[in-house]
Amino acid sequence: QVQLVESGGGLVQAGGSLRLSCAASGSIFVIYAMGWYRQVAGKQRELVADITGGGRINYADSVKGRFTISRDNAKKIVYLQMNSLKPEDTAVYYCALETRGAGEYDSWGQGTQVTVSS
């Protein structure tokens, strides 16, 4: 069983920064990809950024140039540095992990709230 623990969410003013962290533990043999999603109440969960084991990175267009994803493979931690935050970035942010090599995320964190005030 895989556990993901997120931290770093909170309340910040527009233009500010936050850094999210997600630590993975449990029965993990291979990490194929790690990513961050976000969800606003009443809307579908959307990909924010993800990074494969080979280091390929994807960003949502809405966060390009402002957010940076990185991972520490040895510690099994993925980070999301969020700069120049906007009120529209307000959401619950979820960490995701692909451990089965099936091309989809199979483990999810509990979510951390990010609120950006104008």
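First things first, this report covers the structure right here in the doc. Values in this document were obtained by computation on a predicted structure and should not be read as measured data. (Residues numbered from 1 in each chain as written. Predicted model: local features only at pLDDT ≥ 70, side-chain atom pairs only at ≥ 80, totals over all residues. Heavy atoms only, no water.)

**A short note on the overall build of the protein**
Put simply, the rule is: Think of it this way: any DSSP run of H or I at least four residues long counts as a helix, any run of E at least two long counts as a strand, and we number them from the N terminus. Every radius of gyration here is taken over C-alpha atoms, with the globule rule written as 2.2 Å times N^0.38, N being the number of residues. With a 1.4 Å probe rolled over the protein chains alone, any residue whose accessible area is under 20% of its type maximum counts as buried; one over 50% counts as exposed, and the rest are partly exposed. Whether two residues touch is decided by their heavy atoms; if any such pair falls within 4.5 Å, the residues are in contact.
Counting its secondary structure elements, the protein contains zero helices and eleven strands. Ordered by position from the N terminus, the helices and strands of the protein form the series β-β-β-β-β-β-β-β-β-β-β. The C-alpha atoms of the protein give a radius of gyration of 14 Å, which matches the 13 Å a tight globule of 118 residues would have. Along the longest, intermediate and shortest principal axes, the C-alpha atoms of the protein span 45 × 25 × 25 Å. Counting all 118 residues of the protein, 43% fall into the buried class. Long-range contacts, defined here as pairs at least 24 residues apart, represent 55% of the contacts in the protein between residues at least 6 apart.

**A look at the environment of Gly8**
Turning to its location among the elements, Gly8 is positioned in the loop between strand S1 (2–7) and strand S2 (10–13). Sequence-distant contacts of Gly8, defined by excluding residues within four places in its chain, comprise Leu18, Arg19 and Leu20.

**Section: the sheet that holds strand S7 (residues 67–72)**
Definition in use: A strand pair is defined by DSSP finding two or more bridges across the two strands. Here an axis means a line fitted to C-alpha atoms, over the contact stretch when the element is a helix, while the angle between two N-to-C directions is reported on a 0 to 180 degree scale.
Here four strands make up an open sheet; going across it, the order is S1-S3-S8-S7 and the pairing antiparallel. The sheet is open, and its two edges are formed by S1 and S7, each paired on a single side. Taken over all neighbouring pairs, the strand axes of this sheet differ in orientation by 15° on average, direction set aside. Sheet topology places S1 next to strand S3 (residues 18–26); six bridges connect them, and they run antiparallel. What sits directly across from Val2, in S3, is Gly26.

**Details of the nonpolar core**
In plain terms, the rule: Buried Ala, Val, Leu, Ile, Met, Phe, Trp, Tyr and Cys residues that are joined via side-chain atoms within 4.5 Å together make up what is termed a nonpolar core.
Residues Trp36, Val48, Phe67, Val78, Leu80, Met82 and Tyr93 are the most contacted members of the largest nonpolar core, which totals 27 residues. Of all the secondary-structure elements, those providing two or more residues to this core are S3, strand S4 (33–39), strand S5 (46–52), S7, strand S8 (77–82), strand S9 (91–98) and strand S11 (112–117). Contact partners of Phe67, with chain neighbours within four places excluded, come to Arg38, Val48, Tyr59, Leu80, Gln81, Met82, Asn83, Leu85, Asp89 and Tyr93.

**Considering the side chain of Ser21**
Within the fold, Ser21 resides in strand S3. Among all residues touching Ser21, those that are not within four sequence positions of it are Val5, Glu6, Ser7, Trp36, Val78 and Tyr79.

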